[in-house]
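Residue-level structure breakdown
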Amino acid sequence: MILPVAAVVTLLASTACGGGQEGGGGDSGGTQSITVGAIPIVDVAPLHLGLDQGIFEKHGIDLEIKNTTGGAQAVPSVVSGEFDFAFGNITSIMVGRDNDLPLTIVANGVTSTGEQGNDFGAVVVPEGSDITDAKGLEDSTIAVNNLKNIGDTTVRNSVRKAGGDSDTIEFVELPFPEMPAALERGDVDAAWLVEPFLTSALNNGATEVASNFVDAHKNLSVAYYFTTEQVVAQDPELVDNFTAAIEESMTYADEHPDEVRRILGEYTEIEPEVIEQIRLPRWPNGYNQESAQAVGELLVHDGVVEDQPDMDKLFK
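Residues numbered from 1 in each chain as written. Predicted model: local features only at pLDDT ≥ 70, side-chain atom pairs only at ≥ 80, totals over all residues. Heavy atoms only, no water.

What to know about the pattern of salt bridges
This structure, assessed with the given rule, holds eleven salt bridges. Note that Lys 135 and Glu 138 form a salt bridge whose closest N and O atoms lie 3.6 Å from each other. Taking relative accessible area as the criterion, Glu 138 reaches 24% and is therefore assigned partly exposed. With its nearest N and O atoms 2.7 Å apart, the salt bridge here joins Asp 187 to Arg 185. Of the residues examined, Asp 187 reaches a relative accessible area of 45% and is grouped as partly exposed. (Salt bridge = Lys/Arg side-chain N within 4 Å of Asp/Glu carboxyl O. Buried < 20%, exposed > 50% of the residue type's maximum accessible area, 1.4 Å probe, protein only.)

Structural notes on the sheet that holds strand β8 (residues 170–173)
Reading across the sheet, the five strands line up as β8-β7-β9-β6-β10 and stay open at both edges, with mixed pairing between neighbours. Here the strands that pair on one side only, and so sit at the sheet edges, are β8 and β10 (207–210). Geometrically, the sheet is characterised by an average inter-axis angle of 35° between neighbouring strands, direction not taken into account. Direction of pairing for strand β7 (residues 141–144) relative to strand β9 (residues 190–194): parallel, over a ladder of two bridges. Counterpart to Ala 143 in the pairing with β9 is Ala 191. (Pairing = 2+ DSSP bridges. Helix = DSSP H or I, 4+ residues; strand = E, 2+ residues; numbered from the N terminus. Axes fitted to C-alpha atoms, helices over the stretch in contact; angles between N-to-C directions.)

Let's talk about the packing of aromatic side chains
Counted by the stated rule, this structure contains ten aromatic pairs. With a centroid separation of 5.9 Å and an interplanar angle of 70°, the aromatic rings of Tyr 225 and Phe 242 are classed as edge-to-face. Taken together, the residues span a long stretch of sequence, with Tyr 225 in strand β11 (residues 221–228) and Phe 242 in helix α11 (residues 236–255) at a distance of 17 residues. Assessed through its relative accessible area of 1%, Tyr 225 is described here as buried. Note on Phe 242: relative accessible area 0%, which makes it buried. Ring geometry for Tyr 287 against Phe 315: centres 4.9 Å apart, planes inclined by 55°, an arrangement best described as tilted. (Phe/Tyr/Trp six-rings, centres within 6.5 Å; stacked < 30°, edge-to-face > 60°.)

Topic: the packing of helix α2 (residues 45–52) against helix α12 (residues 257–267)
For the pair α2 and α12, the least separation of the axes is 9 Å and the interaxial angle reads 90°. Relative to α12, α2 is oriented roughly perpendicular. Contacts between α2 and α12 involve Ala 45, His 48, Leu 49 and Asp 52 from the first element and Glu 259, Val 260, Arg 262, Ile 263, Glu 266 and Tyr 267 from the second. Residue composition of the contact of α2 with α12, by class: five nonpolar, one polar and four charged. (Parallel < 35°, antiparallel > 145°, perpendicular 65-115°, else oblique. Contact = heavy atoms within 4.5 Å. Nonpolar A, V, L, I, M, F, W, Y, C, P; charged D, E, K, R; others polar.)

Observations regarding α12
Note on helix geometry: an α-helix contains 3.6 residues per turn, so any two residues three or four positions apart are oriented the same way. Inspection of α12 places Glu 259, Val 260, Arg 261, Ile 263, Leu 264 and Tyr 267 among the buried residues, and these make up the whole buried set. Considering only its buried residues, α12 is in contact with α2, α11 and α13 (272–275).

With respect to the side chain of Thr 113
By secondary structure assignment, the location of Thr 113 is in the loop between β5 (103–111) and β6 (121–125). Reaching out from Thr 113, the side chain makes a polar contact with the backbone nitrogen of Glu 115 at a distance of 3.2 Å. From its side chain, Thr 113 meets the backbone oxygen of Asn 118 in a polar contact 3.0 Å long. Once residues within four sequence positions are removed from consideration, Thr 113 is found in contact with Asn 118, Asp 119, Leu 280, Pro 281 and Arg 282. (Polar contact = N/O pair within 3.5 Å; in protein donor to acceptor, adjacent residues only side chain to side chain.)

Brief notes about the packing of helix α5 (residues 90–98) against helix α14 (residues 289–301)
With their axes 10 Å apart at the nearest point, α5 and α14 run at an angle of 65° to one another. Considering the relative orientation of α5 and α14, their crossing is right-handed. Listed contacts from α14 to Ile 90, Thr 91 and Met 94 of α5 are Ala 292, Val 295, Gly 296 and Leu 299. Along the lines of polarity and charge, the residues of the contact of α5 with α14 split into five nonpolar, two polar and no charged. (Left-handed = near helix turned anticlockwise from the far one by under 90°.)

Description of the environment of Val 110
Inspection of the secondary structure puts Val 110 in strand β5. Taking C-alpha positions, Val 110 is 5.2 Å from Trp 283, a pair spaced 173 residues apart along the chain. Apart from the residues within four sequence positions on either side, Val 110 is in contact with Asp 43, Phe 87, Phe 120, Leu 220, Ser 221, Val 222, Ala 223, Pro 281, Arg 282 and Trp 283.

Right, here's the structure in full:
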């Protein structure tokens, strides 16, 4: 991910905390308006449930959710002050820190199920493929949604753990919705997919050959909610209120899977029958620095970042 570092840092220096305060935080009885950027996928169901259930309001927050296309859009939007907080995968956040962007993680976002063959992300091959396991992905062409990001980084690791040569893989960048058709046409040998595209591909005859998130770390926190160091310094009460609200929302989502599936029908375009079939991730509270450390080591190994991120600076 190539970011206009000088430009966004200049914007950051000239932009105050983006949240429009209305009578202070939750403890003072008023509400504070904030904007959170989030890609409209299964992973952010707690955010939408928290709004739906009045959890953010209870914590003094008037929440507006703005859709993003992913971390590549969310990171500069947070740095510029367009978003107060955003949801992004751990790799995008680490790459941003490696580019000297002052990003700070304030809450967990979404976590792997930790179950081989039953996670919300996986590498699949088309029906009839000769590839039967991760080692067989050597010398193949694999679709990922972004190059040098969480997908190809964890897929390479899965191949290496299976005894294969990850350097022989050619990664092709494709949007998730286009991957199942590309598989069926034979444009790629395999694809890394997340829900709901994973279930759709499996329903059409694809075969799962690697649980790349689980291979990277059994309790891999794939994504987090983050803001900037400036927001943390200028409005620590807001950050605390947001963290408390999203953590309560994640607990609610974990305990009410039926509510997760209901809310998915309101903010995504997933077909109802697929919503009932998809594999849900986990939404535990708290930071998992051990899993972040594991991803950082993979990024350094693959040359995506120069140095292992400083965990004390990465997490609030």
